[in-house]
Amino acid sequence: MHQIAPDTTKPSTVQPTHFHCYRWSGSGQEWDRIMRTDTLDLNSPDRPPVRTVEWLNKSARLIAATHGEPKDARDWLLGEWDQACEKALNPVPDWVSREDRGDRALRAIETGCWPSYSQWLAGGTIVLMSVVGTDRNCH
């Protein structure tokens, strides 16, 4: 089990040694079923978590990258965001500043409030991307 710096308002006593960068994508139909109790298992290791910090309990195949420095993890997140925006179902408004988003993401990573972005893509796909720190010696 991972020891984590939780995404809460209290300062953590656990300091992450590295950062997992997660990416998941699925169809609109799959996303529509998330709140139903039919065949979609929210606890599946292959599904995105409800709480960002729970990415650490999901399948390792969802880890797209790992980084040792907050700035590197932030840069990964911004790169993924840029790629998603290029294929976005609806254009991202001009007032959404990449620089501001990057500043907020870095501050979030440095304080253990793990950033998580999502974007609907043309064609009915949603992509989720998150950065979560851990102190586990898992690599």
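The structure contained in this document is the topic of the report that follows. Computed from a predicted model, the values in this text were never measured in an experiment.

**Remarks on the overall build of the chain**
Now for step 1: In terms of helices and strands, the chain carries three helices and four strands.
Now for step 2: Secondary structure elements in the chain, listed N-terminal to C-terminal, are β-α-β-α-α-β-β.
Now for step 3: Counting across all 139 residues of the chain, residues that qualify as buried make up 40%.
Now for step 4: Summed over all atoms, the accessible surface of the chain reaches about 8300 Å², with 48% contributed by carbon and sulfur.

**As for the pattern of salt bridges**
Pairing is possible between side chains of opposite charge, provided their charged atoms come close.
Now for step 1: Scanning the entire structure with this criterion turns up three salt bridges.
Now for step 2: Between Asp75 and Arg74 there is a salt bridge whose closest N-O contact spans 2.7 Å.
Now for step 3: The salt bridge partner of Asp82 is Arg98, with a shortest N-O separation of 2.7 Å. With Asp82 in helix H2 (residues 70-86) and Arg98 in helix H3 (residues 98-111), this pair connects stretches of sequence that are 16 residues apart.
Now for step 4: Overall, the relative accessible area of 26% leaves Asp82 in the partly exposed class.
Now for step 5: With relative accessibility at 44%, the residue Arg98 sits in the partly exposed group.

**Some details on H3**
An α-helical turn contains 3.6 residues, so any two residues separated by three or four positions project in the same direction.
Now for step 1: The terminal C-alpha atoms of H3 lie 20 Å apart, and with 14 residues this matches the ideal 20 Å at 1.5 Å per residue to within 8%.
Now for step 2: Along H3, the positions that sit buried rather than exposed are Arg101, Gly102, Ala105, Leu106, Ala108 and Ile109. What you see down the axis of H3 is that its buried residues fit within an arc of 160°, all on one side. Exposed side chains of H3 directed beyond 90 degrees from the buried face belong to Glu99, Arg104 and Arg107.
Now for step 3: Where H3 begins, the side chain of Ser97 points an oxygen toward the backbone nitrogen of Glu99, at a separation of 3.2 Å.
Now for step 4: Gly112 sits one or two residues past H3 and shows a positive phi near 75°.

**With respect to the packing of aromatic side chains**
Now for step 1: Across all of its chains, the model carries three aromatic pairs by this definition.
Now for step 2: Look at Tyr22 and Trp55: their rings are 5.0 Å apart centre to centre, the planes differ by 20°, and that puts the pair in the stacked class. One end of the pair, Tyr22, is in strand S1 (residues 18-27); the other, Trp55, is in the loop between helix H1 (28-32) and strand S2 (63-67), and 33 residues separate them in sequence. Per residue, the accessibility class of Tyr22 equals that of Trp55, and both read buried.
Now for step 3: The ring of Trp81 carries Arg101 above its face, with NZ or CZ at 3.9 Å from the centroid.
Now for step 4: For Arg101, the ring lying beneath its charged end belongs to Tyr117, and the centroid distance is 4.4 Å.

Calculation rules
Residues numbered from 1 in each chain as written. Predicted model: local features only at pLDDT ≥ 70, side-chain atom pairs only at ≥ 80, totals over all residues. Heavy atoms only, no water. Helix = DSSP H or I, 4+ residues; strand = E, 2+ residues; numbered from the N terminus. Buried < 20%, exposed > 50% of the residue type's maximum accessible area, 1.4 Å probe, protein only. Areas by Shrake-Rupley, 256 points an atom, 1.4 Å probe, with all protein chains shown as cover. Salt bridge = Lys/Arg side-chain N within 4 Å of Asp/Glu carboxyl O. Expected span 1.5 Å × (residues − 1). Arc of directions from axis to C-beta. Polar contact = N/O pair within 3.5 Å; in protein donor to acceptor, adjacent residues only side chain to side chain. Phe/Tyr/Trp six-rings, centres within 6.5 Å; stacked < 30°, edge-to-face > 60°. Lys NZ or Arg CZ within 6 Å of the ring centre and 35° of its normal.

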